[in-house]
Structures are given as structure tokens and as C-alpha cells.
Amino acid sequence: MARKELAQWKVSDRTCGEIMQVGNEAASTTTSSSGTTTGANKRKRMAEEEPAMVHAEDHEMNENVAKTDQVTSGIPDTIKKELKDRWTVLSSERKAKTKGSDGYAAFEDIQSFAAVKKSYHKTSVKGILAMTGGGGRGGAGDGHDKIITSSKDKHLYVYDWEEEKVKHNFAAKAVAGGAGLLDCVGDLVAMVDSNGGLKVLAGNKFVTLSGKGDDEDIALDHVVGVKVHPTGRHVFVAEKSGKIWLFELDSENEIMKEATTWNGLEDKSDDISCTCVGLHPDGLILAIGRSDGKIGLWDLNTEKLATTLAMSNQAESSPITVIDFSEKGVHLASVDDKGNVSVWDLRKQKSMISMNIPEGVSCVSFCPIGKYFAYGTLKGQVVVTAVKDWDKKAILSDGDKGAISGLSWGKDAKSMAVTSTTSRVVKIWGLLDK
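This is a predicted model, so every value here is computed, not measured. (Residues numbered from 1 in each chain as written. Predicted model: local features only at pLDDT ≥ 70, side-chain atom pairs only at ≥ 80, totals over all residues. Heavy atoms only, no water.)

### As for the sheet that holds strand S9 (residues 205–210)
The sheet built from eight strands is open, its strands ordered S6-S7-S8-S9-S13-S12-S11-S10 with mixed pairing. Of all the strands in the sheet, the pair left with one neighbour each is strand S6 (182–185) and strand S10 (223–228). Here the average twist between neighbouring strands, direction ignored, is 25°. Pairing of strand S8 (residues 198–202) with S9, which is carried by three bridges, proceeds in the antiparallel orientation. Counterpart to Leu201 in the pairing with S9 is Phe206. (Pairing = 2+ DSSP bridges. Helix = DSSP H or I, 4+ residues; strand = E, 2+ residues; numbered from the N terminus. Axes fitted to C-alpha atoms, helices over the stretch in contact; angles between N-to-C directions.)

### Thoughts on helix H5 (residues 77–97)
The end-to-end C-alpha distance of H5, which contains 21 residues, comes to 29 Å, matching closely the 30 Å that a straight helix rising 1.5 Å per residue would cover. Ile79, Lys80, Leu83, Trp87, Leu90, Ser91 and Arg94 are the residues of H5 that are buried. (Expected span 1.5 Å × (residues − 1). Buried < 20%, exposed > 50% of the residue type's maximum accessible area, 1.4 Å probe, protein only.)

### Here we look at the nonpolar core
Within soluble globular proteins, side chains that are nonpolar generally end up buried alongside one another. Formed by 24 residues in total, the largest nonpolar core has its most connected members in Tyr372, Val382, Val384, Leu407, Trp409 and Met416. Contributing elements (two or more residues each) for this core: helix H6 (107–111), strand S23 (372–377), strand S24 (382–386), strand S25 (389–396), strand S26 (404–409) and strand S27 (415–420). Contact partners of Val382, with chain neighbours within four places excluded, come to Ala374, Tyr375, Gly376, Ala394, Ile395, Leu396, Ile404, Leu407, Met416 and Val418. Ranked by size, the runner-up nonpolar core spans 20 residues in total, among them Leu246, Leu284, Ile288 and Leu300. (Core = buried A, V, L, I, M, F, W, Y, C linked by side-chain atoms within 4.5 Å. Contact = heavy atoms within 4.5 Å.)

### Quick word on the pattern of salt bridges
Following the criterion strictly, the structure yields 16 salt bridges and no others. Of the charged contacts, one joins Glu254 and Lys205 as a salt bridge, the two residues approaching to 2.9 Å between their closest N and O atoms. Remark: Lys205 occurs in strand S9 and Glu254 occurs in the loop between strand S12 (243–250) and strand S13 (255–263); sequence separation between them is 49 residues. Judged by relative accessible area, Lys205 falls into the partly exposed class, the value being 46%. When the shortest N-O distance is used, the salt bridge between Glu248 and Arg233 registers 2.4 Å. Of this pair, Glu248 sits in strand S12 while Arg233 sits in the loop between S10 and strand S11 (234–239), placing them 15 residues apart in sequence. Note on Glu248: relative accessible area 21%, which makes it partly exposed. (Salt bridge = Lys/Arg side-chain N within 4 Å of Asp/Glu carboxyl O.)

Structure representation (C-alpha cells):
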């Protein structure tokens, strides 16, 4: 990425601009007159200071660029303009949006959370498999009080947190394939079902997928991840093979039309597959989790791989199962299938913390301003920690041993919605006297 291109990324609070700047510097490693690689020497010094560093894998990545179809066949200019226009708005609002109010919850408040004894959202069959929404996130006019769940009764429920009632109940005829395989922005909901297929709900109707041709059908193969863009009109879909699809909503014809596809893996090894995806809150960085424990960060503006995150003990890594960005956009959380949870500082490209949770982790969530970080275990516990003060812990548990399938923060982090695979209730945790 050229310096001229980088200039437009510079935003307040050192978010996207710095992430891309670091990726550019890493991918532009040069050789000094002494015959040593200057970028490698810099990373070596950094690695001596920080044991769990990101490896941008400069030379390997550059070689692979020449070998593979890493660059997309082209995001149409009209769509790219929409993505960038939305980025401009969101990045300009980011600092104010992620500044805590005077009434923002203290960690001691979270440690005092209890399950609110009320009859909140219930499904007809025990088992909520995924939840999305809330947390103050969204776009396209989306409020943060709406959460969507997928339950074992094969329905999608739209629940209004503020009004404490179910607003809509849609017969999806399928269930989400797991926590993190359900996403929404505004009235656009996308879900990966248990068979690896995709269902998209636009407003009050399920829409069909369409290829670039008017009568061309789409055949998706083992979908592992889906993200709705903050425009509320575009959906990214990842297949296990590494193929990434971008669809655009055609509301008039009630279809999601293919815009472009590309290979999201920087090499074509049969041993490496895509396992999950994440999308930066400003909408121009797509994170791709891999079976070898690495995470590729794609710059959707240049349509190129910016950098790859990898732990220093990469030989011991396992497939990435969950990716989540903080609302500020400077932190990324990842989980692998051995219960290793890592939180990355994208400005420095290093892991801030890596912790092993023996019981396994099914989902994670940063609070609206990125001050607190929560993870849900496969044994029914929710653990909340303070970012940068990781020894602080608050544990939310009411005896339910089902895997946590969704975490959603309330306004000012004063409450949290929690779902599990063995409960038919969306449980709201908070302060009983407030």
C-alpha cells in the first residue's frame, strides 16, 4: 500500500490508519547494506521485549502473493464507495461513541451482577444456539437494544431489550451452526445453519442468493463464517475452502446478489482451511481465522492481505474458532479449539494476553467502549475481565452447565444478556437495585 493511499486511513484514536500502516511496513521489508533484513531485525528486537509477538511473515507472504489469486476479482466501484462512505462516518464517530459516560459501570458493579428475576425472551424449545446484536454496535440506523437469537425450534427471534418483549418471530426452518454464526445490522440478518448453508433475512422476508447473472444460482460449500457490513446491505460469507463471497442486497427483487469472490487464504495448501471470520467495526478490515492458528487481516480498500497475526509458539497452535473486534477497533480477540484465548493489540501487532481455559470457550465480547472483555465457556460460565488488568475477574453463573452461545452487553455495561445451548431463556444479568 503506497503512502498516498495510507493517508486516507488516518483517523482519530489511532484505529484503522495505524493497523494498515503496520501491515504496510511489515509487507515492505527491505534488505540493508549489511545484508540483513531490516524489518526482521526490528521484529527480532521487539520479540526479545515481548515473547508473544505477531509474525507478519513478510517474505513468505510476498512470495505467496505472486503464486495465488490473493487479490479479488474486484469489488465493484459503487459498492466500494458505499463501504468507504460508511467507514468515513463510523471512524469519525468512533472517539465520541467509545468514550465512557460518567455513569459507566465500574468493575465492582459487574462483580455484583446477578440474574434478574424476570420472564424475559423465551423460546418454545430448550436451547438457544446463537445470539447477536446489542452492545451499542451496528449501523444503518440500528439501535443497540435489539438482539436476535436462533433456537432449537428452528426460529429466529427478534427481541427488544428496552421494551422487554419479542418483536418478531420468524420460522427459519433451520438452526444456527453455533455461536458466532449469526450476525445482523439494521434489518439485515444472516445465519450459517447447521448444514453449512446460509440464510438471509431482510426486513420481514427471507431472501434468496443470486449469482452475477440474472438466472445464475449460487452453490455455497461448507460455510464457516458470515458477517453483515455496517451498511446493512452487504454480507461477507466464508467457506471452509477459503473462498470469500461478497453479496449485496437487492431489496426490490428480494435477493442477495453476488458482487465478487476471492481466495481468503494466502496459500493454497490442502492442509489449511478457513475456520471463521470477523469484521472490524468500521467495516474495512476483514479478519479470517485459519486452521493453522493464524489470522489474516484483509484491507477491503486495497483488496489485499495487510498482515497475518500468529503467535510465536505457532507450532503449538490450533484452529481459530472465534474472532471479535473491540468497538474501538484497536483490539481483536481470538479463540482456538483448545481453549486458548488471545487478545491482540492491532496497533502494535502483538498479543496482550493469552490464557488457556481448560473447559473451552464458545464466544467472546468486548463491552461497548472496550474497557471490559467477557468470554463464555462450554460449561456454562461467563467470565468478565478488565482489559489490561487481566487479574480482575467477575464470574457469572447460575448453575446452568450448557455451553454459552451468546453474550451481549447492555448500555454503559450495566447489564449483559446471556444465552446457552440448554436454556430457553435469554438471561439478563445486572444490578438488582438499579
